[in-house]
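Observations on the model geometry
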Amino acid sequence: DAGVHSKAWYAATCDRKTAEDALYRSNKDGSFLIRKSSGQDSRQPYTLVVFYNRRVYNIPIRFIESTRQYALGREKNGEERFNSVAEIVENHQCTSLVLIDSQNNTKDSTKLKHIVRVS
């Protein structure tokens, strides 16, 4: 279990558009939630949705079968791995999360500060 089901930041049945709309409405840097990924892929079960600088970032959360751990974004050397999705959230409430905008080729960073609930 990824440790998501009882968490305030977990929007279980929320699709991408609903999540993005909720974050735009919050309009606070560091607003976030976690939703199930759109594709039913066991290797990428969740998506971390973060609002920063008037933009919404959808960051895939990967499940690494070999170690039974989770990691953010595309696989890279020396990446941080976590035992649960809850650990990812707790970690990035204290340490900044790097946000990469592949369209504009920019990097930002923010902490996860405000839980957004999808109504």
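First, a word on scope: everything that follows refers to the structure included in this document. (Residues numbered from 1 in each chain as written. Predicted model: local features only at pLDDT ≥ 70, side-chain atom pairs only at ≥ 80, totals over all residues. Heavy atoms only, no water.)

To continue, consider the overall build of the protein chain. Counting its secondary structure elements, the protein chain contains two helices and eight strands. For the protein chain, the succession of helices and strands along the chain, N to C, is β-α-β-β-β-β-α-β-β-β. Over its C-alpha atoms the protein chain spans a radius of gyration of 13 Å, differing by no more than 12% from the 14 Å that the globule rule assigns to 119 residues. In terms of principal-axis extent, the alpha carbons of the protein chain reach across some 40 × 30 × 25 Å. Each of the 119 residues in the protein chain was classed as buried or not, and the buried ones make up 44%. Sequence-distant contacts, at least 24 apart, represent 42% of the contacts inside the protein chain between residues at least 6 apart. Roughly 7,100 Å² of accessible area belongs to the protein chain as shown, and the carbon and sulfur atoms make up 42% of that amount. For the protein chain, the separation between the mean place of its 19 positive charges and that of its 14 negative charges on side chains is 3 Å. (Helix = DSSP H or I, 4+ residues; strand = E, 2+ residues; numbered from the N terminus. Rg over C-alpha atoms; globule rule 2.2 N^0.38 Å. Buried < 20%, exposed > 50% of the residue type's maximum accessible area, 1.4 Å probe, protein only. Contact = heavy atoms within 4.5 Å. Areas by Shrake-Rupley, 256 points an atom, 1.4 Å probe, with all protein chains shown as cover. Lys, Arg positive; Asp, Glu negative; His and termini not counted. Charge placed at Lys NZ, Arg CZ, Asp CG, Glu CD.)

Attention shifts here to the nonpolar core. If you look at the biggest cluster of nonpolar residues, it comprises 24 residues, and the most contacted ones within it are W9, I34, Y46, L48, I61 and V85. Mapped onto this core, the elements with two or more residues apiece are β2 (31–36), β3 (46–52), β4 (55–64), β5 (69–72), α2 (85–94) and β6 (97–101). Ranked by size, the runner-up nonpolar core spans 10 residues in total, among them A11, A22, V49 and V56. (Core = buried A, V, L, I, M, F, W, Y, C linked by side-chain atoms within 4.5 Å.)

Turning our attention to the side chain of Q69. Locating Q69 in the fold gives a position in strand β5. Polar contacts involving the side chain of Q69 include one to the side chain of T67, which spans 3.1 Å. Within the local environment of Q69, its side chain forms a polar contact with the side chain of N83, the two groups lying 3.3 Å apart. In this view, Q69 contacts R62, F63, I64, R81, F82 and N83; residues no more than four positions away in its chain are not counted. (Polar contact = N/O pair within 3.5 Å; in protein donor to acceptor, adjacent residues only side chain to side chain.)

Looking now at the pairing of β3. Two faces, one strand: in a regular strand the side chains alternate between the faces of the sheet. In terms of residue burial, β3 counts as a mostly covered element, since seven of its seven residues are buried. Two elements, β3 and β4, share seven bridges in a ladder whose sense is antiparallel. Counted as the bridge partner of Y46 is I61 from β4. (Pairing = 2+ DSSP bridges.)

So, to be careful, I would describe these as geometric facts and stop short of saying anything about function.
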